[in-house]
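In case you want the letters, here they are:
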Amino acid sequence: MNKPLIMVVEDEQDMANHIIKTIEETGRYSTVAAKNGVEAFKLIDKNKNFLGLAENNIKCIILDLKMPEMNGVQFINKLRKNEGAFKLTPVIVLTAYEDVDKWTGTTNPNDGLAADYLKKPFKEQELIDDIDRIFRGESGYMIDSTRDQTYDKVVEAMKNDKEGD
Amino acid sequence: MPADNSVLTASPTYKIIAAITFPFIIVWSLVCGVIIGIIGSTVNFFQVQRREIREEIVAITKYPGWREDQFKNQSLYFAEKGEQRARLESEFQEGKKAPRMIRFILIQIVLGSIIFYPYLLIRGIVMGPFLAYNQSYNDLWNILNSKGG
């Protein structure tokens, strides 16, 4: 049986290789890599089934945010707009970026819905645990709890901003 | 769409090839699009059902509190305003719970087969030919482009 396919969207080659190695070492998943959002959409298109009417071969996406051409937030927003209501590809955001715009852009309930928001440098086990949870069918819960966590972070950041003023 | 339209539109050979192949693409898109649309929608129906049921089982076993909240929020979200919403709210206050696992699976399968599957099927039959046309049109341009290369 084919291993589930995970797409790594990352522009830094060393980091991409590290993520791919971490995922493939488990022996449970296979990977494809894209350097930016535009390339990622080409891969999604290449891996579609039944003209895109059935689920895509890519079952999970690991996404960096700072990328050339199309960044991570633009990518996830466009992905959600293109997906039907019944196809929600789980996305794990993996980034060094920590600011309100990125949090809300990737986790908002309309066109974000990231399953987790991990900070670089990431713990390998944390990433694998996230992927395992997604493939066990926990992505709905993960999306909700990540949104709640980021909401709390946004509120705290806004409070700090006000205090700073 | 092709990477460089100007190359393709400039050549008369491409125009002739496109004119000859165009009727075939239309016929192919109609016939194959409908067939692929039916098969693709059916596959998608089973994929969605399997995923929904598995996620529900995980939610019941691992996150029962979250599942109840989800059920309540979704029920209230889809309820119309006024009397229906007020009735639902009072039912939740009286302790209305989300359906149990077996009941949920039965509801999922029955409602899915009656409402969701026909919807997917019609969508597949309508969208299939357009998607097939788009795909074959792009493939043709890519082939012509690479030959012209």
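Owing to the predicted nature of the structure, the values given are computational and were not obtained by experimental measurement. (Residues numbered from 1 in each chain as written. Chains lettered and ligands numbered in written order. Predicted model: local features only at pLDDT ≥ 70, side-chain atom pairs only at ≥ 80, totals over all residues. Heavy atoms only, no water.)

Participant: Is there a simple way to think about the interface of chain A and chain B in this case?
Facilitator: In many analyses, interface size is given as the accessible surface area lost on bringing the parts together. Listed per partner, the contact involves 17 residues of chain A and 25 residues of chain B. Taken together, the two surfaces of chain A and chain B that pack against each other cover about 1,900 Å², and 60% of this comes from carbon and sulfur. Interface area lost by chain A to chain B is led by A:Leu51, A:Leu53 and A:Phe86, which between them contribute 38%. At the boundary of chain A with chain B, the tally comes to two salt bridges. Residue B:Arg51 is joined to A:Glu55 by a salt bridge in which the shortest nitrogen-to-oxygen separation is 2.8 Å. Our enumeration of links across chain A and chain B arrives at nine residue pairs in polar contact (both at pLDDT 80 or more). Those elements giving two or more residues to the side of chain A that touches chain B turn out to be helix 5 (124–135) and helix 6 (139–164) of chain A. If one sorts the elements of the side of chain A that touches chain B by residue count, helix 6 of chain A sits on top with four residues. (Contact = heavy atoms within 4.5 Å. Buried area = accessible area lost by both parts, 1.4 Å probe. Salt bridge = Lys/Arg side-chain N within 4 Å of Asp/Glu carboxyl O. Polar contact = N/O pair within 3.5 Å; in protein donor to acceptor, adjacent residues only side chain to side chain. Helix = DSSP H or I, 4+ residues; strand = E, 2+ residues; numbered from the N terminus.)

Participant: Could you clarify how one ought to interpret helix 6 of chain A in this entry?
Facilitator: Look at helix 6 of chain A: 37 Å from first C-alpha to last across 26 residues, which is about the 38 Å you get at 1.5 Å a residue. Burial in helix 6 of chain A covers these residues: A:Ser139, A:Met142, A:Ile143, A:Asp144, A:Ser145, A:Thr146, A:Thr150, A:Val154 and A:Ala157. Against the buried residues of helix 6 of chain A lie helix 4 (100–107), strand 5 (116–119) and helix 5 of chain A together with helix 2 (12–62) and helix 3 (64–78) of chain B. (Expected span 1.5 Å × (residues − 1). Buried < 20%, exposed > 50% of the residue type's maximum accessible area, 1.4 Å probe, protein only.)

Participant: I keep staring at helix 5 of chain A and nothing clicks. Help me out?
Facilitator: All names here are of chain A. Here helix 5 contains 12 residues, and its C-alpha end-to-end distance of 17 Å stays within 8% of the 16 Å for a straight helix at 1.5 Å per residue. Next to the buried residues of helix 5 lie strand 1 (5–9), helix 1 (13–24), strand 3 (58–63), strand 4 (91–95), strand 5 and helix 6. Trailing helix 5 by a residue or two, Gly137 shows a phi angle of about 95°, which is positive.

Participant: Any chance you could explain the nonpolar core here in plain terms?
Facilitator: Across soluble globular proteins, nonpolar side chains have a tendency to be buried as a group. All names here are of chain A. In this structure, Met7, Val9, Ile44, Ile61, Leu63 and Phe75 are the most contacted members of the largest nonpolar core, which totals 25 residues. Excluding residues within four positions of it along the chain, Met7 makes contact with Val32, Ala34, Ala40, Leu43, Ile44, Ile58, Cys60, Ile61, Ile62 and Phe75. Core analysis: the second largest hydrophobic core is formed by 20 residues, Ile19, Ile23, Cys60 and Leu113 among them. (Core = buried A, V, L, I, M, F, W, Y, C linked by side-chain atoms within 4.5 Å.)

Participant: Just to check I follow, could you spell out the pairing of strand 1 of chain A for this structure?
Facilitator: Across a regular strand the side chains alternate sides, sitting on one face of the sheet and then on the other. All names here are of chain A. Burial runs high along strand 1: five of the five residues are buried. In this fold, strand 1 hands off to helix 1, which returns the chain to strand 2 (residues 30–34); that crossover is right-handed. One ladder, built from five bridges, connects strand 1 with strand 3; its direction is parallel. The residue bridging Met7 from the neighbouring strand is Ile61, located in strand 3. (Right-handed = clockwise from strand over helix to strand, strands pointing away. Pairing = 2+ DSSP bridges.)

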